[in-house]
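Below, each chain spelled out in residue letters.
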Amino acid sequence: MTEPTGGAKGPDELRRQIERTRGELGNTVEELAGKADVKGRARTRAADLRDKAGAMTVQLRSSAAQAGHSVQDRASHVGPRPVRTVVQAGMRHPKPVLMAGAAGAVVAVGVVRWRYAHGHR
């Protein structure tokens, strides 16, 4: 707020002080209203978490695809026949492999969040 200056030096100065005080009061009220809007803040936080989860999903899919290509390259050159057969089957049907990897990632994120929420850091 404004500091007392010993009074206004005229009606114009007094009006300027009043307008400045009103502006500061309006800003304070807006800040308090924002803090009191629990539902709005929760929606914003939920939207942020959804965005992060979506980005993580994209990143995990990319990592899984890269790992799959790497494993396929290695398995096609070396390794026992059963391993090559499994890798080749996974490459022919990548969707179930990706879905299993994404499900595992979701479970891992859930466990980490649960541990964080319950103080098990």
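The rules behind each value
Residues numbered from 1 in each chain as written. Predicted model: local features only at pLDDT ≥ 70, side-chain atom pairs only at ≥ 80, totals over all residues. Heavy atoms only, no water. Helix = DSSP H or I, 4+ residues; strand = E, 2+ residues; numbered from the N terminus. Contact = heavy atoms within 4.5 Å. Areas by Shrake-Rupley, 256 points an atom, 1.4 Å probe, with all protein chains shown as cover. pLDDT = per-residue confidence, 0-100. Salt bridge = Lys/Arg side-chain N within 4 Å of Asp/Glu carboxyl O. 1 Å grid on protein atoms, 1.4 Å probe; cavity = no way out; pocket = protein on both sides within 12 Å on 5 of 7 lines; lining within 4 Å. Points joined across faces, edges and corners; volume = space filled by probe spheres on them. Nonpolar A, V, L, I, M, F, W, Y, C, P; charged D, E, K, R; others polar. Expected span 1.5 Å × (residues − 1).

Topic: the overall build of the protein chain
Part 1 of the argument: Broken down by element type, the protein chain carries four helices and zero strands.
Part 2 of the argument: Along its sequence from the N terminus, the protein chain presents helices and strands in the succession α-α-α-α.
Part 3 of the argument: Put simply, 22% of the contacts in the protein chain that link residues at least 6 apart link residues at least 24 apart.
Part 4 of the argument: When the accessible surface of the protein chain is summed, it comes to about 10,300 Å², and 61% of that surface belongs to carbon and sulfur atoms.

A closer look at the confidence of the model for the protein chain
Part 1 of the argument: Overall, the prediction assigns the protein chain a mean pLDDT of 81, with 81% of residues at 70 or greater.
Part 2 of the argument: Here helix H3 (residues 81-92) stands out as the element of the protein chain with the lowest mean pLDDT, 70, in contrast to helix H1 (residues 11-36), whose mean of 89 is the highest.

A few points about the pattern of salt bridges
Part 1 of the argument: Per the stated rule, a full pass over the model turns up three salt bridges.
Part 2 of the argument: A salt bridge links Asp12 to Arg15; the shortest N-O distance between them is 3.2 Å. Placement of the pair is Asp12 and Arg15 together in helix H1, with a separation of three residues, close to one helical turn.
Part 3 of the argument: In this structure, Arg16 and Glu13 form a salt bridge, with 3.1 Å as the shortest nitrogen-oxygen distance. Of this pair, Arg16 and Glu13 both sit in helix H1, three residues apart, roughly one helical turn.

Structural notes on the layout of surface pockets
Part 1 of the argument: Put simply, the largest pocket is a space of about 420 Å³.
Part 2 of the argument: What lines the largest pocket is a set of 15 residues, among which Leu49, Ala53, Met56, Val109 and Arg113 lie closest to the centre.
Part 3 of the argument: Mapped by element, the contributors of at least two residues to the lining of the largest pocket are helix H2 (38-77) and helix H4 (94-117).
Part 4 of the argument: Broken down by element, the residue count for the lining of the largest pocket peaks at eight residues, all from H4.
Part 5 of the argument: The class makeup of the residues in the lining of the largest pocket is 10 nonpolar, two polar and three charged.

A few points about H4
Part 1 of the argument: With 24 residues, H4 extends 34 Å between its outermost C-alpha atoms, agreeing within 8% with the 34 Å of an ideal straight helix rising 1.5 Å per residue.
Part 2 of the argument: Within two residues after H4, Gly119 carries a phi angle of roughly 80 degrees, on the positive side.

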